[in-house]
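What follows is the residue order along each chain.
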Amino acid sequence: MNQANVVNVEIAGESYAIRTVASPEYTMQCAAHVDHAISEILASGGLLQAHKAGILAALAVTDELYQARREAEALRAEVRRLAAKLAADIEERLGASDLAARS
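Residues numbered from 1 in each chain as written. Predicted model: local features only at pLDDT ≥ 70, side-chain atom pairs only at ≥ 80, totals over all residues. Heavy atoms only, no water.

A. How the structure looks around unusual backbone geometry. In the Ramachandran plot, Ala12 falls in the positive-phi region, its phi being about 55° despite a non-glycine side chain. Tracing the backbone shows Ala12 in the loop between strand 1 (5-11) and strand 2 (14-20). Judged by its relative accessible area of 36%, Ala12 falls in the partly exposed class. (Helix = DSSP H or I, 4+ residues; strand = E, 2+ residues; numbered from the N terminus. Buried < 20%, exposed > 50% of the residue type's maximum accessible area, 1.4 Å probe, protein only.)

B. How the structure looks around the environment of Val61. Counting through the fold element by element, Val61 comes out in helix 2 (residues 50-102). Taking the relative accessible area as the measure of exposure, Val61 reaches 26% and is therefore partly exposed. Among all residues touching Val61, those that are not within four sequence positions of it are His33 and Ala37. (Contact = heavy atoms within 4.5 Å.)

C. Layout of a nonpolar patch on the surface. A cluster of nonpolar side chains, namely Ile55, Leu56 and Leu59, defines an oily patch on the protein surface of about 290 Å² accessible area. On the secondary structure map, Leu59 appears in helix 2. Taking the relative accessible area as the measure of exposure, Leu59 reaches 54% and is therefore exposed. (Patch = residues over 30% accessible without salt bridge, like charges linked within 9 Å, V, L, I, M, F, W, Y side chains within 5 Å. Areas by Shrake-Rupley, 256 points an atom, 1.4 Å probe, with all protein chains shown as cover. Salt bridge = Lys/Arg side-chain N within 4 Å of Asp/Glu carboxyl O.)

D. Spatial organisation of the pattern of salt bridges. Tallied over the entire structure, the rule returns four salt bridges. A salt bridge links Glu73 to Arg76; the shortest N-O distance between them is 3.1 Å. One end of the pair is Glu73 and the other is Arg76, both in helix 2 and three residues apart, which spans about a single turn. Here Glu73 falls in the partly exposed class, since its relative accessible area comes to 35%. Classification of Arg76 as partly exposed rests on a relative accessible area of 45%. In this structure, Arg80 engages Glu73 in a salt bridge whose closest nitrogen and oxygen atoms are separated by 2.9 Å. On the basis of relative accessibility, which here comes to 49%, the residue Arg80 falls in the partly exposed class. Within this structure, Glu73, Arg76 and Arg80 form a network of salt bridges that share partners.

E. Examining the side chain of Thr27 more closely. As for its position among the elements, Thr27 is in helix 1 (residues 24-43). Aside from chain neighbours lying at most four places away, what touches Thr27 is Val7, Val9, Ile18, Thr20 and Ala22.

This is the structure in structure tokens:
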């Protein structure tokens, strides 16, 4: 079982002690990504409440996640298609060589 680390991060000017089994570097990268998303929303103006910026940042990060999942699934489907085509080509060539050897 992995031991939990406590990692101190800063998000939107607030310090947080995060308990996690992930590496400190990874946790800090995640926090930096969230901080950047919040900063972008706050920089766009018109939004004064930090908790609303956090909600909008969560939506933006979730959108990134879903887009990445769609792209990954499209790549998996393409790999499956190419693997099936390759297998069919190999079968066809092996079958043709078997026929040639029998003649």
